[in-house]
Amino acid sequence: MENHLMLQKVIVVSVALFLFWKIIKHIASFLKVEKEPLRVLITGAAGQIGYALAPMVARGVMLGPDQPIILHLLDIQPAAEVLNAVKMELIDAAFPLLQGVIATTDVVEACMGVNIAIMVGGFPRKEGMERKDVMSKNVEIYKAQASALEKHAVENCKVLVVANPANTNALILKEFAPSIPEKNITCLTRLDHNRALAQISERLDVPVGDVKNVIIWGNHSSTQYPDVNHATVTTGSGEKSVRQLVADDQWLNNEFITTVQQRGAAIIKARKLSSALSAASAACDHVHDWVLGTPKGTWVSMGVYSDGSYGIQPGLIYSFPVTCEKGEWSIVKGLKIEEFSRKKMDATAKELMDEKSFAYSCLK
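First, a word on what this report is: a plain description of the structure on this page. Computed from a predicted structure; not experimentally measured.

### What about the overall build of the protein chain?
Counting secondary structure elements, the protein chain contains 13 helices and 14 strands. Taken over 364 residues, the protein chain has a buried fraction of 46%. Contacts in the protein chain between residues at least 24 apart in sequence constitute 72% of all its contacts with a sequence separation of at least 6. About 18200 Å² of surface is accessible on the protein chain, with carbon and sulfur atoms providing 57% of the total.

What follows is the structure in structure tokens.
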């Protein structure tokens, strides 16, 4: 008899708990608040990188699987037809997060109300052109786009410059968008960072996700310094330094560095086109970590406004190791810099100072 009563009580309690759970779930469905869509601008959206980047953003790779997106796609008038085709494909893909697509050749319309701007468009380097020739063309482009962002983007708009010369283009953009906080204007060196991780992964035959804390110092150019002195690999017996595991300083100080520095040129030679998929993926990584944060104990490389850290002239857009939290980046402080690294870091800083001087001379 007692067992029968006990069974009845168990059944009653179970049914009550089940009904309670169903009621809570029903109430929660009404209380669920969807995020407001973020407006993401991609310039040069009809180009290769833009074509690879737009679906990644629309799928949630950049800002997370629960963040609705409105894409603003900008390109020049001769690319208008291709740009419209990109818009049609985005619509046809039926991305659940994509709440709208604005495709335009009007820079003001493109910049209206944007929260995040990915500046992929720029004057391409053509055969026979020097880096400075490209720079002089891009100064005018970035001057116009900066003015439009200044007037029409949201107040706290985050900007990532991808088009080369990325560091100096970002500096020009800062010059003509003074109301955008200097900490909100960055350039892409995450592609170089990812390349460095991948080279170590391949050398040690370990998953790339087990390698962390490489650093790209300086300019997104052939003077950049890929640094593994603080990098580690997660192994079965804990974290170990990359230098200890590779056990080949000759390779790390020479071939590894030049491979990362010249990887873009190697891809152009093999593909007859510049990096697109990897650049788009790196742009997503850059913004994702900036907005959503870096994992604890991990830093990434971003081209940011120098505050004088590590003896780098303030006011340059220079690639540093950074951590991100709550939408803000912070330069990792206190890393030991030995003589070999110091020379490499200073050499790339000098190139950036020369580029800055040339770019400013183009503005006169």
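### A closer look at the environment of Ala163
Along the chain, Ala163 falls in the loop between β5 (158-161) and α6 (166-175). Expressed as a C-alpha distance, the spacing of Ala163 and Gly121, which sit 42 residues apart in the sequence, is 5.9 Å. Ala163 has contacts with Met119, Val120, Gly121, Gly122, Tyr142 and Asn169, leaving out every residue within four places of it along the chain.

### Some thoughts on the pairing of strand β14 (residues 328-331)
Covered by surrounding structure in β14 are Trp329 and Ile331 only, the residues Glu328 and Ser330 on the alternate face being uncovered. Here strand β13 (residues 317-325) pairs with β14 via 4 bridges, running antiparallel. Across the sheet, residue Glu325 finds its bridge partner in β14, namely Glu328. Linking β13 to β14, which pair antiparallel, is a turn of 2 residues; within it Lys326 sits at a positive phi near 55°.

### Concerning the pattern of salt bridges
Oppositely charged side chains are able to pair whenever their charged atoms sit close together. For the structure on display, the rule yields 10 salt bridges. The residue Arg243 makes a salt bridge to Asp249 at a minimum N-O spacing of 2.9 Å. By relative accessible area, Arg243 is classed as partly exposed at 21%.

### Re the sheet that holds strand β7 (residues 211-212)
The 3 strands are arranged β7-β10-β11 in an open sheet whose pairing can be described as antiparallel. At either margin of the open sheet sits one strand with a lone partner, and together these are β7 and β11 (238-241). Bridge analysis of β7 against strand β10 (residues 232-235) gives 2 bridges, and the strand direction is antiparallel. The residue of β10 that forms the bridge with Lys212 is Thr232.

### Digging into the nonpolar core
Ranked by internal contacts, the top residues of the largest apolar core, which has 38 residues, are Phe256 and Phe320. The biggest single contributor to this core is β13, with 4 residues. Ignoring sequence-local partners within four residues, the contact set of Phe256 consists of Ala196, Gln199, Ile200, Pro226, Val228 and Trp251. Grouped together as the second largest cluster of nonpolar side chains are 37 residues, Ala45, Ala52, Ala79 and Ile118 included.

### Description of the environment of Leu38
The residue Leu38 is located in strand β1 (residues 38-43) in this model. Under the relative-accessibility criterion, Leu38 is labelled partly exposed at 22%. Other than its neighbours up to four places away in sequence, Leu38 contacts Leu63, Gln67, Pro68, Ile69, Ile70 and Asn115.

### Thoughts on the packing of helix α2 (residues 48-59) against helix α12 (residues 277-292)
It is the contact of α2 with α12, at a shortest axis distance of 8 Å, that shows an interaxial angle of 40°. Relative to α12, the element α2 lies oblique. Our pair here, α2 against α12, has a crossing hand that is right-handed. Listed contacts from α12 to Ile49, Ala52, Leu53 and Met56 of α2 are Leu277, Ala279, Ala280, Ser281, Ala283 and Cys284. In terms of residue class, the contact of α2 with α12 is built from 9 nonpolar, 1 polar and no charged.

### Some words on the pairing of β5
Burial along β5 is two-sided: the residues Lys158 and Leu160 and Val159 and Val161 are all buried. Pairing of strand β4 (residues 116-119) with β5 involves 4 bridges; the strand directions are parallel. The partner of Ile116 across the bridge, within β5, is Lys158. Viewed along the sheet, the connection from β5 through α6 into strand β6 (residues 185-187) turns out right-handed.

Cut-offs applied
Residues take numbers from 1 onward in each chain, read along the sequence in its written order. Since the coordinates come from a predicted model, pLDDT governs what is reported: local features require at least 70, and pairs of side-chain atoms require 80 or more to be given and counted, while whole-chain, interface and lining totals use all residues. To get the side-chain values, take all heavy atoms of the structure and skip hydrogens and water. Helix numbers and strand numbers start at the N terminus; a helix is a DSSP run of H or I with at least 4 residues, a strand a run of E with at least 2. Each residue is assigned to one of three classes by its accessible area relative to the maximum for its type, calculated with a 1.4 Å probe on protein chains only: buried under 20%, partly exposed between the two thresholds, exposed over 50%. In what follows, residue pairs with any heavy atoms lying within 4.5 Å of each other are defined as contacts. Using a 1.4 Å probe, accessible areas were evaluated by the Shrake-Rupley method; residue-level cover was limited to the displayed protein chains. Strand pairing is defined by DSSP finding a minimum of two bridges between the two strands. Throughout this description, the term salt bridge denotes a Lys or Arg side-chain nitrogen within 4 Å of a carboxyl oxygen of Asp or Glu. The set of buried Ala, Val, Leu, Ile, Met, Phe, Trp, Tyr and Cys residues whose side-chain atoms join them within 4.5 Å is what this entry labels a nonpolar core. Interaxial angle, 0 to 180 degrees, is taken between N-to-C directions of lines fitted to C-alpha atoms, where a helix line uses only the stretch in contact. Here the word oblique covers every angle except those under 35 degrees (roughly parallel), over 145 (roughly antiparallel) and from 65 to 115 (roughly perpendicular). Handedness of each helix crossing follows the sense of rotation of the near helix against the far helix: counterclockwise by less than a right angle gives left-handed, clockwise gives right-handed. Residues were grouped as follows: Ala, Val, Leu, Ile, Met, Phe, Trp, Tyr, Cys and Pro as nonpolar; Asp, Glu, Lys and Arg as charged; and all remaining residues, including Gly, as polar. Handedness of a crossover is defined as follows: orient the strands so they point away from the viewer, and if the path from the first strand over the helix to the second runs clockwise, the crossover is right-handed.

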